Protein chains: 2
Amino acid sequence: MATLLVPQTIPSPAEDCEQLHKAFSGWGTNEKLIISILAHRREAQRRSIRKCYSETYGEDLLKSLEKELSNDFERTVLLWTLDPAERDALLANEGARKWSSKNHVLIEISCARSSNELFLARQAYHARYKRSLEEDVASHTIGDFRKLLVPLVSSYRYEGTEVNMTLAKSEAKILHEKIAEKAFHDDELIRILTTRSKAQLNATFNLYNNEFGNAINKDLKSDSKDDFLTALRAIVHCLTCPEKYFEKVLRLAINKMGTDEGALTRVVTTRAEVDMAGIMDCYYKRNSVPLDHAIVKDTSGDYEDMLLALIGHGNA
Amino acid sequence: MATLLVPQTIPSPAEDCEQLHKAFSGWGTNEKLIISILAHRREAQRRSIRKCYSETYGEDLLKSLEKELSNDFERTVLLWTLDPAERDALLANEGARKWSSKNHVLIEISCARSSNELFLARQAYHARYKRSLEEDVASHTIGDFRKLLVPLVSSYRYEGTEVNMTLAKSEAKILHEKIAEKAFHDDELIRILTTRSKAQLNATFNLYNNEFGNAINKDLKSDSKDDFLTALRAIVHCLTCPEKYFEKVLRLAINKMGTDEGALTRVVTTRAEVDMAGIMDCYYKRNSVPLDHAIVKDTSGDYEDMLLALIGHGNA
């Protein structure tokens, strides 16, 4: 469930634009006003506001926001204002260009989205960067990571609920053999993780657990410093329990010495309209602290206000 | 340009359905009537006819056709009547399940279609087979062919005309080095062929030719019996000059001892509404025999009539 709060009667895009334009005018910027509007509008509404704004004032709303805002608050508002597909394209582009073996953004976008959402992100990538996502991923990654990430970002997994139990059994066995041999980069292991449907993989992982006594992610933890293993675990996590995956990203971002604002912003802006309520439940269960308290403790100012608004605080 | 001929005033789907139903009724089947209708209707019209037929007679038109027709004629009518995306899904499924290193159908569907057409085929594949295309390709192919075919069928190439000449130059060099070393299965070579846009690859191949004195496909011919090399040449061919590629498929299908009806049917049904006129021009230039003469010589009966109708014979 989403955490986004939207007012019962929503102002017209023209009214919202007028208010936004007012927020940018005169002495200083009225950040509160910007939050009170943009943090309480759904995807389609934000799209209409952008369209109306550029028609009325001859400038892209995102450009105006960029001029007026700064730092983490700026990034949060910009990411949030984008369409989900454009936002994913932008995040994936950063994830590819500044790729490091510890960065899981590409995995997140490939595995914690629906097949169609991933495809829309690839379409938006064409429009924005005049290249394909897989082309950038392939040219910025190397070796085994490339072997893993290129099929991942190119996947269009079947999304039905049908499960082939015979196949699940035989592939659980293959996965177990490869993991036992520490053949983590094996083609078969990668094939299974990058092509099978989420329902099928869920069945495979369950059989793995039943048959071999451990959750697959436990067996993939034999070397906790190996980035490739961490990536494989992130894939399994994103595919089978995205809410828990995002809880963990938030936990690590917040518990770090010095908050990881990049991760915090990314999770809140990409999930507020999707499953943030479930992620917050997971967070509370795992940390015994509500996420909003943790955010209040770790952040401040307009950035804090924006994050809190997106996770359901304040009046819409 | 398409070769499909469509009458100036097109009967309503209801009228077409009535005629088709009549063609199936009574003693024997009226194949001429079937051809006179289906071989002269565009994609959207055939879709309307199928919809109307199933609403009126409670049976899928394809099922009725299957019952009434046989052999090559049946396959041609069935393939033709399908939507292009469904047809590609069916051909790709056969191409994956009965995969052999000499079969280029998967290459054709991955490289001689637009990015969007390939994506629509992947969507149709989900609907029809309850699996993904890449999943079937990955599980039916092995080794280097898998390394080549999985990214190929998963690709969503950028389709703009922008070309980066510096990149083209550096990648022409990489291709030349790998080919000179006979490292045909090299990751970099496969990355370039499977991810770059057609415009970019065209520039790369041109620079290859300028710089190193041979067309890339000539250098990829060092061992004419190596199926992997033949596959690489088919990829280059499909990406850069699909009409010539299809001309060659037709030429080999027709010049064989015993016509290769599978290939002939596939090319005619998949290209009649796209670029069959250009393919026929290429065919005539290369063989000094018009394609229709060659078809008349090699085929017979309703099959012959259907093929000829699709390449522009007869009155619509």
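Given the structure is predicted, the values throughout are model-derived calculations rather than measurements. (Residues numbered from 1 in each chain as written. Chains lettered and ligands numbered in written order. Predicted model: local features only at pLDDT ≥ 70, side-chain atom pairs only at ≥ 80, totals over all residues. Heavy atoms only, no water.)

A. Quick peek at the overall build of chain A. Per the secondary structure count, chain A includes 20 helices and zero strands. Taking 316 residues into account, the globule formula puts the C-alpha radius of gyration at 20 Å, and chain A, at 21 Å, falls close to it. In terms of overall dimensions, chain A has a C-alpha envelope of 65 × 45 × 35 Å along the principal axes. Within chain A, buried positions represent 54% of all 316 residues. Counting contacts in chain A only where the partners sit at least 6 residues apart, residues at least 24 apart contribute 70% of the total. Total accessible area on chain A is roughly 13,800 Å²; 50% of this is exposed by carbon and sulfur atoms. The distance from the centre of the 43 positive side-chain charges to the centre of the 47 negative ones in chain A is 4 Å. (Helix = DSSP H or I, 4+ residues; strand = E, 2+ residues; numbered from the N terminus. Rg over C-alpha atoms; globule rule 2.2 N^0.38 Å. Buried < 20%, exposed > 50% of the residue type's maximum accessible area, 1.4 Å probe, protein only. Contact = heavy atoms within 4.5 Å. Areas by Shrake-Rupley, 256 points an atom, 1.4 Å probe, with all protein chains shown as cover. Lys, Arg positive; Asp, Glu negative; His and termini not counted. Charge placed at Lys NZ, Arg CZ, Asp CG, Glu CD.)

B. Summary view of the UniProt feature "binding site: Ca(2+) 1" (unreviewed entry) in chain A. Residue and element names in this part refer to chain A. Within this numbering scheme, the UniProt entry marks F24, G26, G28, E68, I254, K256, G258, V296, T299 and E304 as carrying the feature "binding site: Ca(2+) 1" (unreviewed entry). Sequence-wise these annotated residues cover 281 residues; spatially they are dispersed, their C-alpha atoms as much as 38.8 Å apart. Following the sequence through the fold, E68 ends up in helix 4 (residues 61-68). Classification of E68 by relative accessible area gives partly exposed; the value is 27%. Sequence-distant contacts of E68, that is, excluding residues within four places in its chain, are made with F24 and T29. Summarising the element assignment, I254 is placed in helix 16 (residues 242-255). I254 has contacts with T259, L264, Y283, L291, A294 and D298, leaving out every residue within four places of it along the chain. (UniProt positions renumbered as here; feature names shortened; annotations may be inferred.)

C. Looking closely at the interface of chain B and chain A. Facing the 25 residues of chain B at the interface are 25 residues of chain A. Carbon and sulfur atoms make up 57% of the surface buried where chain B meets chain A, a total of about 2,400 Å² over both sides. Counting every contact that joins chain B to chain A gives four salt bridges. Put simply, R196 of chain A and E135 of chain B hold a salt bridge, and the shortest N to O gap is 2.8 Å. On inspection of chain B and its partner chain A, the count reaches ten residue pairs in polar contact (both at pLDDT 80 or more). (Buried area = accessible area lost by both parts, 1.4 Å probe. Salt bridge = Lys/Arg side-chain N within 4 Å of Asp/Glu carboxyl O. Polar contact = N/O pair within 3.5 Å; in protein donor to acceptor, adjacent residues only side chain to side chain.)

D. Layout of the relation of the copies chain B and chain A. The transform that puts chain B on chain A rotates by 180° and translates by 0.0 Å along the axis, for an RMSD of 0.0 Å. Given the turn and translation reported, the copies of this chain are related as if by a two-fold rotation axis. In terms of proximity to the rotation axis, the leading residue of chain B is S154 of chain B, whose C-alpha is 2.8 Å off the axis. Of the residues that chain B buries at the interface, 100% are likewise interface residues in chain A, meaning the two copies contact each other through the same surface. (Least-squares fit on C-alpha atoms with pLDDT ≥ 70 in both.)

E. Focus on the side chain of D83 of chain A. Residues and elements named next belong to chain A. One can find D83 in the loop between helix 5 (71-81) and helix 6 (84-97). Classification of D83 as buried rests on a relative accessible area of 17%. The residues touching D83, leaving out its near neighbours within four places in the chain, are E43, R47 and R50.

F. Quick look at the nonpolar core. Counting 102 residues, the largest nonpolar core has I34, L65, I107, L232 and L291 of chain A as the members making the most contacts within it. Here this core gets nine residues from one element, more than from any other, and that element is helix 15 (residues 227-240) of chain A. Apart from the residues lying within four places of it in its own chain, the contact partners of I34 of chain A are L20, A23, F24, T29, A39, L65, L69 and V77 of chain A. Core analysis: the next-biggest nonpolar cluster, separate from the first, contains 101 residues, L20, C52, I107 and L118 of chain B among them. (Core = buried A, V, L, I, M, F, W, Y, C linked by side-chain atoms within 4.5 Å.)

G. Spatial organisation of the UniProt feature "binding site: Ca(2+) 3" (unreviewed entry) in chain A. Residues and elements named next belong to chain A. Those places that UniProt annotates as "binding site: Ca(2+) 3" (unreviewed entry) correspond, in this numbering, to D298. You can see D298 is positioned in helix 19 (residues 291-298). Given a relative accessible area of 24%, D298 falls into the partly exposed group. Aside from chain neighbours lying at most four places away, what touches D298 is I254 and T259.

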